[in-house]
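Residue-level listing of the chains:
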Amino acid sequence: MDAIDPSRGLFCNRTLNLRGIQAIGYDMDYTLIHYHMREWEKRAYGFIKEGLLGKGWPVEDLTFDPDLAIRGLVIDIERGNVVKANRFGYVKRTFHGTESLPFDRQRDVYQRTLVDLAEDRWHFLNTLFSISSACMYMQLVDLLDADALEGSMGYADLWTEVQETLDEAHMEGRLKAEIVRHPERFVDLDPQMPLTLLDQKRAGKKLLLITNSEWDYARPMLEYAFNDFLPEGMTWRDLFDLSIVGARKPDFFSVRMPAFHVVNDDGLLREHKNGPLKEGCVYVGGNAPLVEESLGLRGEEILYVGDHLFVDVNVSKQVLRWRTALVVRELEQEIEAFQSFAGRQAQLSELMEKKEQLETQFSRKRLQRQRLREGYGGADGQSVETLEEEMSEVRDRLTELDERIAPLAKASSRLVNSNWGPLMRTGKDKSLFARQVERYADVYTGRVSNFLYHTPFTYLRSHRGSLPHDEAAERDPEYDSLTSGYEWDETTATERQ
């Protein structure tokens, strides 16, 4: 615990004292159970392809490309594009179909357009389950542009067709049935996960399972992922004070839906009439207010952990004011990529600093030349000809610098994924996905078992937020002592008691 791998950290947007958390709720898929994304999405893609072939679509030659899309992208169904936007909604990278859009073309299309997720034209890829759909959509755009698809349809129709075809496979239960038969192919086991939850339970936390997965899928998957790593005689069911499957999130958090008690392993149901939910039992459906009433807890006493930005952390925070933690499975790979690039990043930063200095010199000389030509501002003893010679020298040095910067900047923008770069950044800025994480998740991390390294008693403090003018203020040697970012509150005074 004294030497935590940086990629296994808990990253805090809003201060969270785990000692004040009385109950922790968990989603299941990509939260308690991690999947081999490429294997899962390849199979999901296969079911989409089979469904489209059954409808007569010419997709027999298409193959799944797991690097074609990443989580956090946005599909523009109006134009058949997939875009990556920064935190302000400005489009920074675009693919039309499976081809990258040149910068000039991208600027023409999106110069006056901001990505607004409230508009119907934009579809945000919230989870890793979106990769197969996005890949197929991008390939279908190519077919539509090549007039290879029959009938009258647009880019929006393609997205609808892909989603409906995948939904049909899910409704038939074919994909999950295959995963239950061969969990070793699809599940990325984490032996530390059960110990993490056991620590929390023994520390007095109520543990909740709240998943949209149905009982006939959740039970065998949790048995596979948990039981072999628990003390002898203990099963996954002993970890959870309440287990809710088929929760129908996000409605679970805002609509008072009925709960049904799962009576046996075969899934026999009995309606829960009234009163609190019984601890140690499994239920189908129900609602968050009923959970709060059953536990005698409310709001900030409950932490909910999930992988879906909207379904898990947005709604639970907005409606109930539960504390939230987001599992971002890609985070570990991203941190490791930045660590390996650190030396080249330092070189890039140094070159960019030199470029900014030269650009400042060039701008000043240009202004001096302007004043001399226009006859205002006073002469400084230099002639227009001398200034132009100096400007030419600075311009040559800038060109040389640009030639050194370009390959480093390109490599930086292609870290993790050669098409889209890192999940959490667009260039030097935060990505739109990162902004959503910052807005809705109190804490984010790569996997639930990272809580193991921080104990159930940790006090997670958010870092002091940065502002563009901080660099100017930090030149003052007194700055650090005056602005430590430490905020006093009543809990701070008593946190060690």
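Refer to the preceding data block for the structure.
Below you will find a few notes about this structure. (Residues numbered from 1 in each chain as written. Predicted model: local features only at pLDDT ≥ 70, side-chain atom pairs only at ≥ 80, totals over all residues. Heavy atoms only, no water.)

**Points about the overall build of the protein**
Line of reasoning, step 1. Helix and strand counts for the protein stand at 17 helices and 21 strands.
Line of reasoning, step 2. Overall, the C-alpha framework of the protein stretches about 95 × 70 × 35 Å when taken along its three principal axes.
Line of reasoning, step 3. Within the protein, buried positions represent 49% of all 497 residues.
Line of reasoning, step 4. Taking all contacts inside the protein whose residues are at least 6 apart in sequence as the whole, residues at least 24 apart take part in 75%.
Line of reasoning, step 5. When the accessible surface of the protein is split by element, carbon and sulfur atoms take 47% of a total near 25,300 Å². (Helix = DSSP H or I, 4+ residues; strand = E, 2+ residues; numbered from the N terminus. Buried < 20%, exposed > 50% of the residue type's maximum accessible area, 1.4 Å probe, protein only. Contact = heavy atoms within 4.5 Å. Areas by Shrake-Rupley, 256 points an atom, 1.4 Å probe, with all protein chains shown as cover.)

**Comments concerning the sheet that holds strand β7 (residues 91-96)**
Line of reasoning, step 1. Here we have five strands laid out as an open sheet, ordered β8-β7-β6-β5-β9, and antiparallel in their pairing. Here the strands that pair on one side only, and so sit at the sheet edges, are β8 (99-100) and β9 (122-124).
Line of reasoning, step 2. Of the pairings in the sheet, the one linking strand β5 (residues 74-76) to strand β6 (residues 81-85) comprises three bridges and is antiparallel in character. Looking at β6, one finds that Val74 is bridged to Val83. (Pairing = 2+ DSSP bridges.)

**With respect to a negative patch on the surface**
Line of reasoning, step 1. A contiguous patch of negative charge on the surface is contributed by Glu385, Glu389, Glu393, Asp396, Glu400 and Glu403.
Line of reasoning, step 2. In this structure, Glu400 sits in helix α13 (residues 384-413). (Patch = residues over 30% accessible without salt bridge, like charges linked within 9 Å, V, L, I, M, F, W, Y side chains within 5 Å. Salt bridge = Lys/Arg side-chain N within 4 Å of Asp/Glu carboxyl O. Lys, Arg positive; Asp, Glu negative; His and termini not counted. Charge placed at Lys NZ, Arg CZ, Asp CG, Glu CD.)

**A closer look at the packing of aromatic side chains**
Line of reasoning, step 1. Within this structure, the stated rule accounts for 17 aromatic pairs.
Line of reasoning, step 2. If you follow Arg43 out to its NZ or CZ, it ends over the ring of Phe47, 4.3 Å from the centre.
Line of reasoning, step 3. The lysine or arginine in question, Lys176, covers the ring of Tyr217, its NZ or CZ lying 4.6 Å from the ring centre. (Phe/Tyr/Trp six-rings, centres within 6.5 Å; stacked < 30°, edge-to-face > 60°. Lys NZ or Arg CZ within 6 Å of the ring centre and 35° of its normal.)

**Topic: the sheet that holds strand β11 (residues 206-210)**
Line of reasoning, step 1. Pairing is mixed in the open sheet, where 10 strands are placed in the order β1-β20-β17-β16-β3-β11-β12-β15-β13-β14. Two strands bound the open sheet, and with one partner strand each, they are β1 (10-12) and β14 (269-271). Strand-to-strand twist of the sheet, defined as the mean angle between neighbouring strand axes without regard to direction, takes the value 25 degrees.
Line of reasoning, step 2. One ladder, built from three bridges, connects β1 with strand β20 (residues 443-445); its direction is antiparallel. By the bridge assignment for β20, Cys12 is matched with Val443. (Axes fitted to C-alpha atoms, helices over the stretch in contact; angles between N-to-C directions.)

**Side note on the packing of helix α12 (residues 342-374) against α13**
Line of reasoning, step 1. Look at α12 against α13: their axes get within 9 Å of each other, and the N-to-C directions meet at 155 degrees. Judged on the interaxial angle alone, α13 and α12 are roughly antiparallel. As for how α12 packs across α13, the hand of that crossing is left-handed.
Line of reasoning, step 2. Looking at side-chain class alone, the contact of α12 with α13 contains 16 nonpolar, five polar and 14 charged residues. (Parallel < 35°, antiparallel > 145°, perpendicular 65-115°, else oblique. Left-handed = near helix turned anticlockwise from the far one by under 90°. Nonpolar A, V, L, I, M, F, W, Y, C, P; charged D, E, K, R; others polar.)

**A short note on the nonpolar core**
Line of reasoning, step 1. One finds Tyr35 and Phe226 to be the most contacted residues of the largest nonpolar core, which totals 83 residues.
Line of reasoning, step 2. The leading source of residues in this core is helix α3 (residues 131-145), at 10 residues.
Line of reasoning, step 3. Setting aside residues up to four positions removed in sequence, Phe226 forms contacts with Leu32, Met193, Pro194, Leu197, Trp236 and Leu239.
Line of reasoning, step 4. Residues Val115, Met424, Phe433 and Tyr444 belong to the second largest nonpolar core, which totals 24 residues. (Core = buried A, V, L, I, M, F, W, Y, C linked by side-chain atoms within 4.5 Å.)

**What to know about the side chain of Thr324**
Line of reasoning, step 1. Topologically, Thr324 is positioned in strand β17 (residues 323-327).
Line of reasoning, step 2. At 2.7 Å, the side chain of Thr324 forms a polar contact with the backbone oxygen of Tyr440.
Line of reasoning, step 3. Setting aside residues no more than four positions away along its own chain, Thr324 makes contact with Leu303, Tyr304, Val313, Ser316, Lys317, Tyr440, Ala441, Asp442 and Val443. (Polar contact = N/O pair within 3.5 Å; in protein donor to acceptor, adjacent residues only side chain to side chain.)

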